[in-house]
Number of protein chains: 4
Amino acid sequence: MIVLNGGSSSGKSGIARCLQAVLPDPWLVIGVDTLIDAMPASMQTTDAGIEFTSDGGVKVGPEFRLLQTAWMAGVAAMVRAGARVILDEVFLGGRGSQQLWQKVLAGLDVFWVGVRCEAPVAAGREVARGDRVQGMAVSQAEMVHQGVLYDLEVDTTHTASLACARTIAARLR
Amino acid sequence: MIVLNGGSSSGKSGIARCLQAVLPDPWLVIGVDTLIDAMPASMQTTDAGIEFTSDGGVKVGPEFRLLQTAWMAGVAAMVRAGARVILDEVFLGGRGSQQLWQKVLAGLDVFWVGVRCEAPVAAGREVARGDRVQGMAVSQAEMVHQGVLYDLEVDTTHTASLACARTIAARLR
Amino acid sequence: MIVLNGGSSSGKSGIARCLQAVLPDPWLVIGVDTLIDAMPASMQTTDAGIEFTSDGGVKVGPEFRLLQTAWMAGVAAMVRAGARVILDEVFLGGRGSQQLWQKVLAGLDVFWVGVRCEAPVAAGREVARGDRVQGMAVSQAEMVHQGVLYDLEVDTTHTASLACARTIAARLR
Amino acid sequence: MIVLNGGSSSGKSGIARCLQAVLPDPWLVIGVDTLIDAMPASMQTTDAGIEFTSDGGVKVGPEFRLLQTAWMAGVAAMVRAGARVILDEVFLGGRGSQQLWQKVLAGLDVFWVGVRCEAPVAAGREVARGDRVQGMAVSQAEMVHQGVLYDLEVDTTHTASLACARTIAARLR
């Protein structure tokens, strides 16, 4: 299992797709976006769910956390059942988020990758994508890495997704 | 857990979203489309993966099945960990597909729903959607229900998604 | 040229795609959604642009109107240059909106179609789609038809998109 | 009017969205993808329409050209009617494609921008996007610029979309 952690617009999803292309076996890409898509639309407008504030902040409520916990258990079970999984995640709680995953993934072989991107560059990519709340890239750029321990860190500020993916793949062998 | 089984363009996904809106608690919608999206793009062009033939057929290879089996275990684990899950599925193998799920979901409280739609009506909806391979609706309309055992069957031929969802919700209480 | 006018979730886009499938020549489908997608993302958050209120209302500002007017002239020019166009529109101003189009399309052969759907049914479809602001279907169901003159009206409440498209196509010959 | 010409995955669309964000007035982004989306689904599978070959080639038939010609006239009319338009284009015919546009846009103030990206880098982005036929980036990288005359050229190989957009915007004043 590979865990990619990075802020919004840091380039995680592009690296994940490149990893699928360069790794010899088929890997599933699963991410927090998958979880949000699976939730009721109403979860994005209530305090109990997830809220994207106009300045790029993300607030998560108790019902979101409950579903997220069950979903994490499910992802771990997929890996235990033999699926190769690339997790495309945003550790909003930094080290605390990693510890939750470490508990769930106990006993599994996990390769932890930090995906960094300088905030101004990530902010520019956010504008170029045009489909994200402006401000998320900057507000998450440092926060998600606070205290997190990695096997490898890549930086997409000056390096393309495919090159980052190759660096990761080389280390997995 | 609610399992919705029906052919392409039978209206499962619309019913699933309506169920999320009418049921009092938050439910996750997870479906085979989620799984296909998580796979490498190359799985849609190799014999080992999944192939959509030009006449609407779907062929599934050994690597697809391996990932699918692990994914099924993961979905079951989410439910065991407390998530309410609506499964949006297409039993390409009819009763055989149901038996695989029954094994994985053993011990869980499952409500099995057949979503039927007369083939010509489903084919018309396929044209109206414009994003599906033409022919899937007709080829799957009967096949996916072969020998499958249900707690409830709904028919979207003349009944709207929301009305079907209300019928299902009423039976769950 | 065919103009389809109807409220949100009345089924216009489905009918448009079915018309493309049943009509012998290739037709372009162009709609107000195309225009909104072409605008800057910021137009959806400023008073000068377009705003979707939380109760399903739509407010349009001066800069939106300016671009819309130029876009209408462009659509008319495509038709004059020989393109067959199906316009997928929402006459938020009812008869007034039609008169603006009539002026722009002066001299062209236009077939005006009203696409009706009873408000509760359209509201149910809005829930089933899951990607629209709830309330638009109801607030627009009657409003967009106020005083509008049609060559033909179809009603999707009990009739499928493909059947409506066939009715329209039969009248065009 | 601004015309951005470049191969698939060269970064045109990102630059176009950044231009919308940095330019003081509202600009519409219109591109060949808009046209393809407006066409019948069947146009993507017949010789008369547009075909994406498995090695990344693009073949365009007579019916596609007819609709494209009318669409070009429509885009020109939007600009004449006062819309600020950023055209996101792929000159499959190089200089010949530019000449067709020059004829249609005669008398208008057009700023021609070449968007270059080294083929291997564009190919890597194509993998990272995951939604394009592999091979288009490489096959188009040089071809679309053959003989084309520009007011400005930008290169996204080592420069971000937002920086390219700022360079273009600075030259427009």
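This write-up is about the structure you can find in this document. All values derive from a computational prediction rather than experimental measurement.

Cut-offs and rules
Residues numbered from 1 in each chain as written. Chains lettered and ligands numbered in written order. Predicted model: local features only at pLDDT ≥ 70, side-chain atom pairs only at ≥ 80, totals over all residues. Heavy atoms only, no water. Least-squares fit on C-alpha atoms with pLDDT ≥ 70 in both. Contact = heavy atoms within 4.5 Å. Buried area = accessible area lost by both parts, 1.4 Å probe. Salt bridge = Lys/Arg side-chain N within 4 Å of Asp/Glu carboxyl O. Polar contact = N/O pair within 3.5 Å; in protein donor to acceptor, adjacent residues only side chain to side chain. Helix = DSSP H or I, 4+ residues; strand = E, 2+ residues; numbered from the N terminus. Nonpolar A, V, L, I, M, F, W, Y, C, P; charged D, E, K, R; others polar. Expected span 1.5 Å × (residues − 1). Pairing = 2+ DSSP bridges. Axes fitted to C-alpha atoms, helices over the stretch in contact; angles between N-to-C directions. Phe/Tyr/Trp six-rings, centres within 6.5 Å; stacked < 30°, edge-to-face > 60°. Buried < 20%, exposed > 50% of the residue type's maximum accessible area, 1.4 Å probe, protein only. Parallel < 35°, antiparallel > 145°, perpendicular 65-115°, else oblique. Left-handed = near helix turned anticlockwise from the far one by under 90°.

**Describing the relation of the copies chain B and chain C**
- It takes a turn of 180 degrees to lay chain B on chain C, together with a shift of 0.0 Å along the axis; the resulting RMSD is 0.0 Å. When the rotation and shift are considered jointly, the pair of chain copies conforms to a two-fold rotation axis. Identified as the residue of chain B closest to the rotation axis by C-alpha distance is B:His158, at 3.8 Å.
- The overlap is high: 100% of the interface residues of chain B also sit at the interface in chain C, so the same surface is used on both sides.

**Looking at the interface of chain B and chain A**
- Contacts between chain B and chain A engage 24 residues on the former and 23 residues on the latter.
- Buried area between chain B and chain A, both sides added, is near 1,800 Å², and the carbon and sulfur share of it is 78%.
- Inspection of the chain B/chain A interface yields zero salt bridges.
- Counting across the chain B and chain A interface gives four residue pairs in polar contact (both at pLDDT 80 or more).
- Those elements that provide at least two residues to the side of chain B that touches chain A are β2 (28-31), α2 (32-38) and α3 (62-80) of chain B.
- Here the side of chain B that touches chain A gets eight residues from one element, more than from any other, and that element is α3(B).
- Looking at the side of chain B that touches chain A residue by residue, the classes come out as 18 nonpolar, four polar and two charged.

**Points about helix α7 (residues 161-172) of chain A**
- Helix length check: α7(A), at twelve residues, gives a terminal C-alpha distance of 17 Å against a target of 16 Å (1.5 Å per residue), a fit within 8%.
- Along its buried surface, α7(A) packs onto β1 (2-5), α1 (12-22), β6 (111-116) and β7 (152-155) of chain A together with α5 (119-129) of chain D.

**Let's talk about the sheet that holds strand β6 (residues 111-116) of chain B**
Residue and element names in this part refer to chain B.
- Ordered in space as β2-β5-β1-β6-β7, the five strands form an open sheet in which the pairing is parallel. Each having just a single partner strand, β2 and β7 (152-155) make up the two edges of the open sheet. Sheet twist, expressed as the average angle between the axes of neighbouring strands with direction ignored, equals 20 degrees.
- Bridging between strand β1 (residues 2-5) and β6 involves four bridges; their strand directions are parallel. Paired with Leu 4 across the bridge in β6 is Val 113.
- The sheet strands contacting α3 are β2 and β5 (85-89), and the helix crosses β5 at an angle near 155 degrees.
- Sheet contacts for helix α7 (residues 161-172): β1, β6 and β7; angle to β7, the most-contacted strand, approximately 165 degrees.

**Here's the deal with the pattern of salt bridges**
- In total, this model carries 14 salt bridges over all chains according to the counting rule given.
- Between C:Asp131 and C:Arg129 there is a salt bridge; the shortest N-O distance is 3.8 Å.
- Several salt bridges share partner residues, and in doing so they unite A:Arg116, A:Glu142 and A:Glu153 into one network.

**Side note on the interface of chain B and chain C**
- Tallying the contact residues gives twelve residues for chain B and twelve residues for chain C.
- The junction of chain B with chain C conceals about 770 Å² of combined surface from both sides, 73% of it contributed by carbon and sulfur atoms.
- On inspection of chain B and its partner chain C, the count reaches zero salt bridges.
- Taken together, chain B and chain C are joined by four residue pairs in polar contact (both at pLDDT 80 or more).
- Going through the elements one at a time, α1 (12-22), α5 (119-129) and α7 of chain B are the ones with two or more residues in the side of chain B that touches chain C.
- The leading source of residues in the side of chain B that touches chain C is α1(B), at five residues.

**Points about the relation of the copies chain B and chain A**
- Between the two copies, chain B and chain A, the superposition gives an RMSD of 0.0 Å; the rotation angle is 180 degrees and the shift along the axis is 0.0 Å.
- Of the interface residues in chain B, 96% have counterparts in chain A that sit at the interface too, so the contact is made through matching surfaces.

**Comments concerning the packing of aromatic side chains**
Residue and element names in this part refer to chain B.
- What the rule picks out here adds up to eight aromatic pairs over all chains.
- A centroid spacing of 5.9 Å and a plane angle of 75 degrees characterise the contact between Trp 71 and Trp 101, whose relative ring orientation is edge-to-face. Of this pair, Trp 71 sits in helix α3 while Trp 101 is found in helix α4 (residues 95-104), placing the two residues 30 residues apart along the sequence. This pair shows no difference in class: Trp 71 is buried, exactly as Trp 101 is.

**Structural notes on unusual backbone geometry**
- Residues other than glycine seldom take positive phi values, yet A:Ser9 does so here, at roughly 65 degrees.
- Along the chain, the position of A:Ser9 falls in the loop between β1 and α1.

**A closer look at the packing of helix α3 (residues 62-80) of chain A against helix α4 (residues 95-104) of chain A**
All names here are of chain A.
- Where α3 contacts α4, the two axes come as close as 9 Å, and the packing angle between them is 45 degrees. In terms of axis orientation, α3 runs oblique to α4. Like other packed secondary-structure pairs, α3 and α4 cross with a definite hand, here right-handed. In this structure, α3 contributes Trp 71, Met 72, Ala 73, Val 75, Ala 76 and Arg 80 to the contact, and α4 contributes Leu 100, Trp 101 and Val 104.

**Quick look at α5(D)**
- Taken together, the buried positions of α5(D) are occupied by D:Ala122, D:Ala123, D:Gly124, D:Glu126, D:Val127 and D:Ala128.
- In this structure, the buried residues of α5(D) make contact with α1 and α7 of chain A together with α6 (136-141) of chain D.
- Two residues or fewer after α5(D) comes D:Gly130, characterised by a positive phi angle close to 75 degrees.

**Notes on the sheet that holds strand β7 (residues 152-155) of chain C**
All names here are of chain C.
- If you trace the five strands from one edge of the open sheet to the other, you get β2-β5-β1-β6-β7, paired in parallel fashion. Looking at which strands have only one partner, the edges of the open sheet turn out to be β2 (28-31) and β7. In this sheet, adjacent strand axes meet at a mean angle of 20 degrees when their direction is disregarded.
- Bridge analysis of strand β6 (residues 111-116) against β7 gives four bridges, and the strand direction is parallel. Bridge assignment links Arg 116 to a residue of β7, and that residue is Asp 155.
- Taken strand by strand, helix α3 (residues 62-80) contacts β2 and β5 (85-89), and its axis lies near 155 degrees from that of β5.
- Strands in contact with helix α7 (residues 161-172) are β1 (2-5), β6 and β7; relative to β7, the strand with the most contacts, it is inclined by about 165 degrees.

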